[in-house]
Structures are given as structure tokens and as C-alpha cells.
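# Analysis of the macromolecular model
Letter by letter, the chains look like this.
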Amino acid sequence: MAVDGAAVMDAPAGAQSAAGSDVAVTLVTVIMVVVVGLTFAFGFGNVFQLGLRLGVPVWVAPLVAPAVDLSVVGLLLGTRQLALQGAPAELLRPARRLLVFSSVI
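All values reported here derive from a predicted model rather than from experimental measurement.

### Remarks on the overall build of the protein chain
Helix and strand counts for the protein chain come out as four helices and zero strands. The secondary structure elements of the protein chain, listed N-terminal to C-terminal, are α-α-α-α. Sorting the 105 residues of the protein chain into buried and exposed places 10% on the buried side. Pairs at least 24 apart in sequence give 27% of the contacts found in the protein chain among residues at least 6 apart.

### Some remarks on the UniProt feature "transmembrane region" (unreviewed entry) in the protein chain
Cross-referencing UniProt, the feature "transmembrane region" (unreviewed entry) maps to residues 23-44 and 56-77 in the present numbering. Along residues 23-44 the backbone is 100% helical and 0% strand, and the end-to-end C-alpha distance reaches 31 Å. Helix and strand shares over residues 56-77 are 77% and 0% respectively, and the end C-alpha atoms of the span are 30 Å apart.

### Quick look at the packing of aromatic side chains
Counting across every chain of the model gives two aromatic pairs. With a centroid separation of 6.1 Å and 25 degrees between ring planes, the pair formed by F40 and F44 is classed as stacked. Of this pair, F40 and F44 both sit in helix α2 (residues 13-53), four residues apart, roughly one helical turn. By relative accessible area, F40 is classed as partly exposed at 37%. Each ring, one from F44 and one from F48, has its centre 6.1 Å from the other, and the planes form 10 degrees; the classification is stacked. Of this pair, F44 and F48 both sit in helix α2, four residues apart, which is roughly one turn of that helix.

### Things to note about the side chain of T79
Relative to the elements of secondary structure, T79 occurs in helix α3 (residues 61-84). For T79, the side chain forms a polar contact with the main-chain oxygen of L75, separated by 2.8 Å. Here the side chain of T79 touches L76 through a polar contact of 3.1 Å, landing on its backbone oxygen. Excluding anything up to four places from it in sequence, T79 contacts L92, A95 and R96.

Conventions used here
- Residues numbered from 1 in each chain as written.
- Predicted model: local features only at pLDDT ≥ 70, side-chain atom pairs only at ≥ 80, totals over all residues.
- Heavy atoms only, no water.
- Helix = DSSP H or I, 4+ residues; strand = E, 2+ residues; numbered from the N terminus.
- Buried < 20%, exposed > 50% of the residue type's maximum accessible area, 1.4 Å probe, protein only.
- Contact = heavy atoms within 4.5 Å.
- UniProt positions renumbered as here; feature names shortened; annotations may be inferred.
- Phe/Tyr/Trp six-rings, centres within 6.5 Å; stacked < 30°, edge-to-face > 60°.
- Polar contact = N/O pair within 3.5 Å; in protein donor to acceptor, adjacent residues only side chain to side chain.

Shown next as C-alpha cells:
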């Protein structure tokens, strides 16, 4: 096995580019999953504490944050799917308003 880079020189240029692209896509995906996970955990903790301070029962408080997060994810995926299928703007407008409202909440 060559350590000096001779093996890399023998490989076609397209193979090197594809391998680098695969690594970049995987790295970006892992980073995004970590960011989304940390954001969810941060939001969950904040909403849980807020619910407890406002007197929400302990068994209900942990359900609020995931409900809001899943609503936003569902609206994002739904509006994207509708847009890809060529839905008219008047059909997408209410879903986008609800998305903005859910995001603000």
C-alpha cells in the first residue's frame, strides 16, 4: 500500500471528486442532525420549564414542545411536497401562514 500518494495519482479524477463529495454530504448531514437535535433539546427544556412555571400538569408539559416542533416539520414537508407537485399559490398561502405562526409560537 503506497503512502506517498501514488495510489491517489492512479485513480481517475472523477472517482476522487465523487469520494470527496460523498464525504462532504455525509459531514453536512451529520452536522445538521446534531444541530436539529440540540435545537429540539433546547426548545424541549425551555417549553417544559415554562409549562411547569405556568402550572401546566407535569404529564402535559413534556407534550407541548414536540407538538409544536412536529407541526413545523409537518408544515415544511407538506408545503414542499405541494410545491413540487405544482400546487397553485392560493393553496400554499394558508399553509405558509400557519408555518410562520407556528414558528413564531
